[in-house]
Amino acid sequence: MKHSNIIILISSCTKIIDIFIGPFLVAYFIKTSADSLVDLSVFNLYKYIFLALIALYVGLSLKKNHSLGTFRLGIVARFIYILAIIILQEDIVNHLNEIALLYGFSTITFYLPYNMFSAEAVDNKERGHFEAQKEIINGTISILVPICLGTMITTTNYQITAIVILFISAIQIVASFYLKQLPLNDKPYNLVDLFHKFKNNVQIKKMLLGDYLKGITISDGALGVVITILIMNSFKTDMNLGIINSIAAVLTLIASYLYSKYYKGKDDRKIMIISTIIPVIAVILLCLWTSEITVIIYNVAYSVFAVGLLSLMTSIRGFNMSKSNVDEKERTEYWVIREVVLNCGRVTGYILMLIIGLISVEYLNFLTLALTFSLILLGLTMLKVNKNEI
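Residues numbered from 1 in each chain as written. Predicted model: local features only at pLDDT ≥ 70, side-chain atom pairs only at ≥ 80, totals over all residues. Heavy atoms only, no water.

**Some points on the side chain of Arg317**
To keep things clear, this is the line we draw: Under the scheme used here, helices are H or I runs from DSSP no shorter than 4 residues and strands are E runs no shorter than 2 residues, and both carry numbers assigned from the N terminus. Whether a residue is buried, partly exposed or exposed follows from its accessible area with a 1.4 Å probe, protein chains only, as a fraction of its type maximum: under 20%, in between, or over 50%, in that order. Polar contacts here mean pairs of N or O atoms no more than 3.5 Å apart (in protein, one a potential hydrogen donor and the other a potential acceptor; neighbouring residues in sequence count only if both atoms are side-chain atoms). Residue contacts follow a heavy-atom distance rule, with two residues in contact if any of their heavy atoms lie within 4.5 Å.
Structurally, the position occupied by Arg317 is in helix α13 (residues 292–324). Residue Arg317 is classed as buried on the basis of its relative accessible area, which comes to 2%. Of the polar contacts made by the side chain of Arg317, one reaches the side chain of Asp268; its length is 2.6 Å. At a separation of 3.2 Å, a polar atom in the side chain of Arg317 contacts the main-chain carbonyl oxygen of Met313. Excluding its chain neighbours within four sequence positions, the residues that come into contact with Arg317 are Met207, Asp268, Met272, Met382, Val385, Asn386 and Lys387.

Quick look at the structure:
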C-alpha cells in the first residue's frame, strides 16, 4: 500500500474519533455540567496549555528518530483517553485536569509525527490534490458519522458509543505498522535558534501568524465550541446536532471536490477572499436576527468556507512550506514551533470564552462575532503566503 494511502486511512479514522471527542463531547458537557461554558473553557485551556508544553519535549523524541514509536504512543494514548471518558462518565467534570493532561499528551504525540509523515509522503506538486482528496474522504465521513453517532448517543448513551470508537482507534494502531520511519536526523534539537531564524523568514513568519489565528478560529478553537453550543441551545439533541453537522459536511464535500478539480496548481486567492467574507456576513445575520435558521446558515458558512476551504488552502501552504522554505534537518523544529503557536491561538480563544462564561452567557453572540471577525485577519495573512506548488 502506498505511503500516502496509509496516511489517508489513518486520517479517516482520526476524523471519526475527532467527531466523537469534538462536538459530541461538547454536547455531553452541556448536558452534564451546570456551568458548561466555564467548564468547557477551563477544560480546553488546560488541555491546550498542556499540549503546547508537551510539544517541546515530543519534538526532541522525534529529532532522535523515534517518529514511529512516538506516533504509536499517541494512538495508544488517544485509546486510553476515550477509555477514561467511558469509565468516568458524568464524573468527568470533576477530573478536568487529569483528562486535559491526557488529551494534551495523546494529541501532540499523535499529530506532530502525523504531520511530519504527511509532509514527507507527498510532493509539493501533488499536495493540492492529496489534501483535497483527503478532505473529500473526510467530508464523506463528516456526512455519515455525525448522524450515526448522534443517533447512537441519543438511543443508547455516550459510553456505549465510545466503545465503538475504541475499535476505530485499534485500526490506526494496525495501520501504523505500514508506515516508514522518517529519515535520520543527526542535527541537534535547537528550538530557540531556529525560532529566531524562522522569524527572519517573511513567509514562515506569516505562516506562524496564520497558525495563531487558525488556533483562535478554525482548528479546534473556541469558535467551533461556541457553534456547537448555539446548535445545542437551538435544537437540543445529539441527533439534531449530528443531522445539522452532516448537512454542512455535504456542502463542504462539494466545495472540496470543486477546489480539487479547478484549483490544483492554480492561484486560489479569490477563493480565499470569498471563504473569509461569507462566514463574516453569516455571523452578522446571526447577531441581528438570532433564530434556528440563522444558526444553520452560520454553521454551514463556517463549516464550508472556514473549516473547509480556508483550512484546506492554509494546510496546503503549510505542508508545502516545510519542503520549499525549511531545511530537511530543521523540519522537526518547524512543526514543533507551528504546533506551539497554534495552541497559543487556541488558548487565547478559550480565555475569551472563559471571560464570557464568568460574566454572562447572554454575551455569547458578541464572542461569536469577535472570533468570526478574526477570520478576516487569517485570510489577509494567508493571502501573503505562497502556495509553493512546484
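**Focus: helix α8 (residues 191–199)**
Put simply, the rule reads: Along the arc lie the directions from the helix axis toward the C-beta atoms.
Buried within α8 we find Leu191, Leu194 and Phe198. Buried residues in α8, looked at end-on, bunch into an arc of 70 degrees, giving them a common side.

**With respect to the side chain of Thr217**
Considering the arrangement of structural elements, one finds Thr217 in helix α9 (residues 202–217). A relative accessible area of 0% places Thr217 in the buried class. Every residue in contact with Thr217, bar those within four places of it in the chain, is listed here: Leu223, Gly224, Tyr302, Leu371, Ser374, Leu375 and Leu378.

**Details of the packing of α9 against α13**
If you want to describe how two helices pack, look at the angle between their axes and the distance between the axes. Threshold: In this analysis, axes come from line fits to C-alpha atoms, helices being fitted only over the stretch in contact, and the angle between any two N-to-C directions falls in the range 0 to 180 degrees. Under this scheme an angle from 65 to 115 degrees is roughly perpendicular, one under 35 degrees roughly parallel, and one over 145 degrees roughly antiparallel; angles in between are oblique. The sense of a crossing depends on the near helix, which, turned anticlockwise from the far helix by less than a right angle, makes the crossing left-handed and, turned clockwise, makes it right-handed.
In the contact formed by α9 and α13, the axes pass within 11 Å of each other and the chain directions differ by 150 degrees. Taken together, the axes of α9 and α13 are roughly antiparallel relative to one another. In the crossing of α9 with α13, the sense of the turn from one axis to the other is left-handed. Residue-level inspection shows Gln203, Ile204, Met207, Lys214 and Thr217 of α9 in contact with α13, the latter providing Tyr302, Ser311, Thr314, Ser315, Arg317, Gly318 and Met321.

**Here we look at the packing of aromatic side chains**
Here is the rule we go by: Two aromatic rings from Phe, Tyr or Trp, using only the six-membered ring of Trp, form a pair when their centres are within 6.5 Å; if the ring planes differ by under 30 degrees the pair is stacked, by over 60 it is edge-to-face, and anything between is tilted.
Evaluated as defined, the whole model comprises 12 aromatic pairs. Seen in terms of ring centroids, Tyr48 and Tyr103 are 6.0 Å apart; in terms of plane orientation they differ by 85 degrees. Their pairing is edge-to-face. With Tyr48 in helix α3 (residues 36–63) and Tyr103 in helix α5 (residues 96–121), this pair connects stretches of sequence that are 55 residues apart. No difference in accessibility class separates Tyr48 from Tyr103, as the two residues are buried.

**A few points about the packing of helix α10 (residues 222–235) against α13**
The following threshold applies: Three residue categories are used. Nonpolar comprises Ala, Val, Leu, Ile, Met, Phe, Trp, Tyr, Cys and Pro, charged comprises Asp, Glu, Lys and Arg, and polar comprises the others, including Gly.
Taken N-terminus to C-terminus, the directions of α10 and α13 make an angle of 150 degrees; their axes are 10 Å apart at the nearest point. Between α10 and α13, the crossing angle belongs to the class labelled roughly antiparallel. For the crossing formed where α10 meets α13, the hand is left-handed. On α13, the residues that touch Leu223, Gly224, Ile227, Leu230, Ile231, Ser234 and Phe235 of α10 are Glu292, Val295, Ile296, Tyr298, Asn299 and Tyr302. Residue composition of the contact of α10 with α13, by class: 9 nonpolar, 3 polar and 1 charged.

**Section: the pattern of salt bridges**
Test applied: Salt bridge, as used here: a side-chain nitrogen of Lys or Arg that lies within 4 Å of a carboxyl oxygen of Asp or Glu.
Taken as a whole and assessed by the stated rule, the structure comprises 4 salt bridges. With its nearest N and O atoms 3.6 Å apart, the salt bridge here joins Arg346 to Asp220. With Arg346 in helix α14 (residues 331–359) and Asp220 in the loop between α9 and α10, the pair connects residues that are 126 residues apart, well separated along the chain. We classify Arg346 as buried; its relative accessible area is 5%. By relative accessible area, which is 45% here, Asp220 ends up partly exposed. In this structure, Glu339 and Arg346 form a salt bridge, with 3.9 Å as the shortest nitrogen-oxygen distance. Just as Glu339 is buried, Arg346 falls in that class too.

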